[in-house]
Each structure stands twice: as C-alpha cells, then as structure tokens.
Amino acid sequence: MIGQLARLTWRGIADFALHPVAQLLTLVAVTMVTLLTGLILMGLHNVNQEILKSRGDVEYQIYWKVDLQTEAVLKDWKTIKGMQHLDQFKTYTPSDALQELGTSLGESGDFSWLADSNPLPYSGLAAFKVPPEAQEEGWTAKLLARLQSLPGVDSVSYTPFQADLAQGWMTITHAVIWPVLGFLALIVSLVVHNTIKLSLMTRMDEVEILSLVGARPSYIRWPLLTGGFLQGIIGSLSGIGFLALVHHFTADVLNFAPFMLQIQFPPFQQLAALVGAVTFVCMISSWVAVK
C-alpha cells in the first residue's frame, strides 16, 4: 500500500515534465495570486502597526488630595513608576506647580504671596506607551481605574481621543477589512481553481483512458493531487519570494520627513497561513476538477 502510494506520488511529480507549458502557466497564476494577496496583507499589517503605534500613547493628569502627607504621595509615585508600559512620569509638588503657573502667566504671574498658604495639590503627568499586542478593549479605562484607585489620588483626567481612534480602527479592521479579504480569498480560490482545471483539460484523454481500463478513482486522482500540492507549494513560495523582493526595494520609500514610515514585512504567521491556504486551494481544485 505504501509502495503504491509512493509510486503514485512520484508519478504526480514526473507528470510535470509531460505538460510543461500548462504547468508553467498554472505556476505563474498561483505565484501572481500569492503576490497580490501578500501585498494586501503587507499593506494592512503596516497600516495596523502605524495606527496602533501612534494611537497607543495616552497621558493622564493626576491630582492628589490637598493637604495629603508627603510620605503618602511619594508612595503613590513609586507605585506609578512601577506600572507596566509607563514611558514618562513628571511630578509636581505644590511649590513646583505654583512656580510653573507663574511662569506660564509671564509678568503677571507673581504668586510669591501664596508661598505660605499654597492651595495647589501634588500633581503628576503620566505618559504610557502601550504596544499593539498589549492593547485590548477598554485598556485606557483600565489604566484610568488603576490610577484612580491609588489611596491619595483625588482625580485623574485624560483625553481619550487617541485611544478611541485606535479602538475604532481595530473594530473597523475586524468588521469590514477582514471580511473583504475573505471575499477576495474566495475570488482568488475560484481563479486558482479554474486555472488548474484548464491545466487538467490537457490531460483529459489520459484520465478517460485510465477510467476505461478500470483504474480506481483514487489511482487517477492521487497523482493529480500531488501535482496540485506541488503547484501550490512552489507557486506560493515563489509569490512570497517576489513579495520579499518588492519589500526590499520599497521598505524605505516613505522613510523621510514628514512620514518617517518604514514598511515592515508581514509576520511569519500570516505568510504561513497564506502559503497553506494557497496550497490547500490548489489541492482541492485538482481533486474537484478531475471528478
């Protein structure tokens, strides 16, 4: 059984030399389809990275309770400095805040008469840079709740616009863009299927003769399935190779002011899924086309 399976597999490989033109045209079609899909994935990946990278920054203005003991404030500051993804933390004592207020007002900002009865509380500005892989639904609200839960904190304010844009983009990606890519994948599957079917039409006489002499369907289909597998693997890997070549020449095409964007290559998981999907479609197309 294993020996017969090996012979049929080798026959499917050897059949490539019997119809080189049809096989070459099929490989070109599979390669171009893989390249087109890879370009779309690369574009989507880079848009996601740039949007989330620029929208993953959030700043919280924190105010502590008035007349709170310095030791309690320092304890809260230490807790904030130990928080994950903290990028910068600027602190202000009441005297620092009063001096900053006076400096911002210019000549009219002389508040030295308030030095002994300073009404301003301790305050701080905490800036977080949350990477895309650590962002989840409501991550800004969770950070806000954690800051508000500190014992001496009186109030926390922030502008959620950037974070809301990030969450909105992720929602659009899942609700619109991925379904569109799925529809494109369906169209691509039909193109690959028809291409392989046209390729197999050159072997119609061979299939009919094998059927007339009593060959089992599996005996007929296995070499064709092997051919579809090879076409999928070779074509998809060739498409990935062309995608890498395109990326090599375009990686820094937008890496200048004011854009300063470096195009990144799609992650391995997406490329592996693309190769697997194209190979699977080629195998199924070969199996169905000969039926």
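The structure displayed is predicted, hence computed values, not measured ones.

Parameters at a glance
Residues numbered from 1 in each chain as written. Predicted model: local features only at pLDDT ≥ 70, side-chain atom pairs only at ≥ 80, totals over all residues. Heavy atoms only, no water. Helix = DSSP H or I, 4+ residues; strand = E, 2+ residues; numbered from the N terminus. Buried < 20%, exposed > 50% of the residue type's maximum accessible area, 1.4 Å probe, protein only. Contact = heavy atoms within 4.5 Å. Areas by Shrake-Rupley, 256 points an atom, 1.4 Å probe, with all protein chains shown as cover. Patch = residues over 30% accessible without salt bridge, like charges linked within 9 Å, V, L, I, M, F, W, Y side chains within 5 Å. Salt bridge = Lys/Arg side-chain N within 4 Å of Asp/Glu carboxyl O. Arc of directions from axis to C-beta. Core = buried A, V, L, I, M, F, W, Y, C linked by side-chain atoms within 4.5 Å. Phe/Tyr/Trp six-rings, centres within 6.5 Å; stacked < 30°, edge-to-face > 60°. Expected span 1.5 Å × (residues − 1). Pairing = 2+ DSSP bridges. Axes fitted to C-alpha atoms, helices over the stretch in contact; angles between N-to-C directions.

Caption draft 1: View of the overall build of the protein. When its secondary structure is counted, the protein shows nine helices and four strands. Reading the secondary structure of the protein in the N-to-C direction produces α-α-β-α-β-α-β-α-β-α-α-α-α. Buried positions account for 36% of the 291 residues belonging to the protein. When contacts within the protein are restricted to residue pairs at least 6 apart in sequence, long-range pairs at least 24 apart make up 82% of them. Put simply, the protein shows about 17200 Å² of open surface, and 66% of that area lies on carbon and sulfur atoms.

Caption draft 2: Geometry of the side chain of serine 123. Mapped onto the secondary structure, serine 123 falls in strand 3 (residues 123–129). Residue serine 123 is classed as buried on the basis of its relative accessible area of 6%.

Caption draft 3: Region of the structure containing a nonpolar patch on the surface. A contiguous nonpolar surface patch, about 290 Å² in accessible area, is contributed by Leu24, Val28 and Met32. For methionine 32, the location among the structural elements is in helix 2 (residues 20–55). When its relative accessible area of 46% is taken as the criterion, methionine 32 is described as partly exposed.

Caption draft 4: A look at helix 5 (residues 139–148). Every buried residue of helix 5 is accounted for by Trp139, Thr140, Leu143, Leu144 and Leu147. Viewed end-on, helix 5 has its buried residues packed into an arc of 145°, placing them on one side of the element.

Caption draft 5: Seen up close, unusual backbone geometry. Unlike most non-glycine residues, aspartate 67 shows phi in positive territory, near 65°. Along the chain, aspartate 67 turns up in the loop between strand 1 (57–64) and helix 3 (70–81). Despite not being glycine, histidine 85 shows a phi value in the positive range, around 70°.

Caption draft 6: Fine view of the nonpolar core. One finds Tyr60, Ile62, Trp64, Ile80, Phe128 and Leu147 to be the most contacted residues of the largest nonpolar core, which totals 20 residues. Listed by contribution, the elements that provide at least two residues to this core are strand 1, helix 3, strand 3, helix 5 and strand 4 (153–158). Not counting the four nearest positions on each side in its chain, tryptophan 64 is found in contact with Val73, Asp76, Trp77, Ile80, Phe89, Pro121, Tyr122, Ser123, Gly124, Gly152, Val153 and Asp154. One finds Leu35, Leu44, Leu181 and Leu271 within the second-largest nonpolar core, a separate group that totals 13 residues.

Caption draft 7: A look at the packing of aromatic side chains. Within this structure, the stated rule accounts for three aromatic pairs. A centroid spacing of 5.8 Å and a plane angle of 80° characterise the contact between tyrosine 60 and phenylalanine 128, whose relative ring orientation is edge-to-face. Within this pair, whereas tyrosine 60 is found in strand 1, its partner phenylalanine 128 is found in strand 3, the two being separated by 68 residues in sequence. Owing to a relative accessible area of 0%, tyrosine 60 belongs among the buried residues under this scheme. Judged by centre distance (5.9 Å) and plane angle (75°), the ring pair of tryptophan 77 and tyrosine 122 falls under edge-to-face. Placement of the pair is tryptophan 77 in helix 3 and tyrosine 122 in the loop between helix 4 (94–105) and strand 3, with a sequence separation of 45 residues. Clustering of aromatic rings is evident, with ring pairs tying together Trp64, Trp77 and Tyr122.

Caption draft 8: Molecular detail of helix 3. Compared with the 16 Å implied by 1.5 Å per residue over 12 residues, the 16 Å span of helix 3 between its first and last C-alpha is a close match. Within helix 3, the full set of buried residues consists of Val73, Asp76, Trp77 and Ile80. Within helix 3, the buried residues cover an arc of 105° as seen down the axis, which keeps them to one side. For helix 3, the exposed residues lying more than 90 degrees away from the buried face are Glu71, Lys75 and Lys78. For helix 3, the secondary structure elements touched by its buried residues are strand 1, strand 2 (86–92), strand 3, helix 5 and strand 4.

Caption draft 9: View of the sheet that holds strand 3. If you walk across this open sheet you meet the four strands as 2-3-1-4, and the pairing is antiparallel. The open sheet has two edge strands with one neighbour each: strand 2 and strand 4. Recorded for the sheet is a direction-independent mean angle of 20° between the axes of neighbouring strands. Note: strand 1 against strand 3, seven bridges, orientation antiparallel. Residue pairing across strands places glutamine 61 opposite leucine 125, the latter belonging to strand 3. Lying on the sheet, helix 3 is in contact with strand 1, strand 2, strand 3 and strand 4; it crosses strand 2 at an angle near 165°.

Caption draft 10: Structural detail: the environment of histidine 247. Of note, histidine 247 is situated in helix 8 (residues 217–250). Those residues in contact with histidine 247, other than ones at most four positions away along the chain, are Met42, Ile263, Gln264 and Phe265.

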